[in-house]
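Take a look at the letters that make up each chain.
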Amino acid sequence: MEKTYENLLNFWNQTFSFDSPYKVETKWCTEEPFNSLIKQGLLNAKFVLDYGSGSGWGLFELYFTSPFEEGLGIDLSENGVKVGNES
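Given the structure is predicted, the values throughout are model-derived calculations rather than measurements.

Colleague: Would you explain the overall build of the protein chain in this entry?
Modeller: A count of helical and extended segments in the protein chain gives four helices and two strands. Element order for the protein chain, N to C, with α for helix and β for strand: α-α-β-α-β-α. Sorting the 87 residues of the protein chain into buried and exposed places 24% on the buried side. Look at the contacts in the protein chain between residues 6 or more apart in sequence, and 61% of them connect residues 24 or more apart. Taken as two groups, the 6 positive and 13 negative side-chain charges of the protein chain have centres that lie 4 Å from each other.

Colleague: Hey, could you run me through the side chain of Asn35 in this one?
Modeller: Counting through the fold element by element, Asn35 comes out in helix α2 (residues 32-41). Separated by 3.2 Å, the side chain of Asn35 and the backbone oxygen of Cys29 make a polar contact. If we ignore the near neighbours within four places in the chain, the residues touching Asn35 are Lys27, Cys29, Thr30, Glu61 and Thr65.

Colleague: Sorry if this is basic, but what is going on with the packing of aromatic side chains here?
Modeller: Geometrically, a pair of aromatic rings is defined through the distance of the ring centres and the angle of the planes. This model, assessed by the stated rule, comprises five aromatic pairs. The structure contains a cluster of three or more aromatic residues connected by ring pairs, namely Phe11, Trp12 and Phe16.

Colleague: In this structure, what is going on with the nonpolar core? I would like to understand it.
Modeller: Nonpolar side chains in soluble globular proteins generally cluster together in the buried interior. Judged by nonpolar contacts, Ile38, Leu42, Val48, Leu59, Leu62 and Phe68 together constitute the single largest core of six residues. In this structure, Leu59 is in contact with Val48, Asp50, Phe68, Gly71, Leu72 and Gly73, ignoring residues within four places of it in sequence.

Colleague: Teacher, can you tell me more about the pairing of strand β2 (residues 70-74) here?
Modeller: Moving residue by residue along a regular strand, the side chains alternate between the two faces of the sheet. With five bridges connecting them, strand β1 (residues 47-51) and β2 associate as parallel partners. Within β2, the residue paired with Tyr51 across the bridge is Ile74.

Colleague: Whenever I open this one, the pairing of β1 confuses me. Can you help?
Modeller: What you see with β1 is a clean split: Val48 and Asp50 sit on the buried side and Phe47, Leu49 and Tyr51 on the side with no burial. In this fold, the crossover linking β1 to β2 by way of helix α3 (residues 57-65) has right-handed handedness.

Rules behind the numbers
- Residues numbered from 1 in each chain as written.
- Predicted model: local features only at pLDDT ≥ 70, side-chain atom pairs only at ≥ 80, totals over all residues.
- Heavy atoms only, no water.
- Helix = DSSP H or I, 4+ residues; strand = E, 2+ residues; numbered from the N terminus.
- Buried < 20%, exposed > 50% of the residue type's maximum accessible area, 1.4 Å probe, protein only.
- Contact = heavy atoms within 4.5 Å.
- Lys, Arg positive; Asp, Glu negative; His and termini not counted.
- Charge placed at Lys NZ, Arg CZ, Asp CG, Glu CD.
- Polar contact = N/O pair within 3.5 Å; in protein donor to acceptor, adjacent residues only side chain to side chain.
- Phe/Tyr/Trp six-rings, centres within 6.5 Å; stacked < 30°, edge-to-face > 60°.
- Core = buried A, V, L, I, M, F, W, Y, C linked by side-chain atoms within 4.5 Å.
- Pairing = 2+ DSSP bridges.
- Right-handed = clockwise from strand over helix to strand, strands pointing away.

What follows is the structure in structure tokens.
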């Protein structure tokens, strides 16, 4: 189990090392089944936690689908967090 965890962490850290900061201004997913599920899941949500958030794109997508007051993304990939913080 420990080796699998370490391999996955290394994989994601390396993957995010190729990413650059980006500006998120709109939704990108227009599929209604996805958007409907997100709206139901976040109905009246004020705070959202995205654990395993990578660079944070999912948190932005959730916000543009169903706005909330505050979101927090957590990830162990140093490079994912770096891209998210700079975006």
